[in-house]
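Topology and contacts: notes
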Amino acid sequence: MQRLLSVLAILKQSIVSKKRYCQVRNTPGVLNLLLCLYRLGYCSAVKRNGNQLTISLTYVNGMSSLRQLKMITKLSHKKCISLKKSFRLQSIYLLSTSKGVISHLEAISYGVGGVALAICN
């Protein structure tokens, strides 16, 4: 969980400073998170270089497609989202579930809930 939150913080800082690429350490959970962001269209590529992952962020007309990344869960406080609550969500939530890190839309199709990591807009 701590590694996922630190990767989200790195991504948020890269978006604020308008970087095209950022690098993070490769772990299975981190790769799962980045592939979820790739499926949502927030990053254009995820490349593996040994134990590093290079993330290419997507920009349209100078604006990041991931305009806002707000972290919900902190190490001291986890916010869980049930399947029932997932149906009412307006923004896209990233959830850590038994199926890995997925969006709340994928969680609805799998029929699972999980720990809310961040809100993506």
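Described below are features of the structure shown in this document.

**Points about the pairing of strand 1 (residues 21-25)**
Residues Cys 22 and Val 24 line the buried face of strand 1, whereas the alternating positions Tyr 21, Gln 23 and Arg 25 sit on a face that is not buried. Two strands pair when backbone bridges link them, and strand 1 and strand 3 (residues 52-57) are joined in this way by 5 bridges, in the antiparallel orientation. Following the sheet pairing, Val 24 is matched in strand 3 by Leu 53.

**Overview of the nonpolar core**
Counting residues in hydrophobic clusters, the biggest one holds 27 residues, and the most contacted among them are Leu 8, Leu 11, Leu 34, Leu 37, Ile 55 and Leu 94. Looking at this core, the elements that each hand over two or more residues are helix 1 (2-16), strand 1, helix 2 (28-39), strand 3 and strand 10 (114-120). Apart from the residues within four sequence positions on either side, Leu 94 is in contact with Leu 8, Leu 33, Cys 36, Leu 37, Leu 40, Ile 102, Val 115, Ala 116, Leu 117, Ala 118 and Cys 120. With 10 residues, the next largest nonpolar core counts Ile 72, Leu 89, Val 112 and Ile 119 among its residues.

**A closer look at the pairing of strand 2 (residues 43-49)**
Of the strand pairs in this sheet, strand 2 and strand 3 are connected by 6 bridges, and their pairing is antiparallel. Looking across to strand 3, one finds that Ala 45 is bridged to Ser 56. With antiparallel pairing between neighbouring strands as the criterion, strand 2 and strand 3 make up a hairpin whose turn holds 2 residues, including Gly 50 at a positive phi of roughly 65°.

**Observations concerning the side chain of Ser 65**
One can find Ser 65 in the loop between strand 5 (63-64) and strand 6 (69-71). Given the relative accessible area of 18%, Ser 65 is considered buried. Reaching out from Ser 65, the side chain makes a polar contact with the backbone oxygen of Gly 41 at a distance of 3.4 Å. Not counting chain neighbours up to four residues away, the residues in contact with Ser 65 comprise Gly 41, Tyr 42, Thr 58 and Asn 121.

About the criteria used
- Residues numbered from 1 in each chain as written.
- Predicted model: local features only at pLDDT ≥ 70, side-chain atom pairs only at ≥ 80, totals over all residues.
- Heavy atoms only, no water.
- Buried < 20%, exposed > 50% of the residue type's maximum accessible area, 1.4 Å probe, protein only.
- Helix = DSSP H or I, 4+ residues; strand = E, 2+ residues; numbered from the N terminus.
- Pairing = 2+ DSSP bridges.
- Core = buried A, V, L, I, M, F, W, Y, C linked by side-chain atoms within 4.5 Å.
- Contact = heavy atoms within 4.5 Å.
- Polar contact = N/O pair within 3.5 Å; in protein donor to acceptor, adjacent residues only side chain to side chain.

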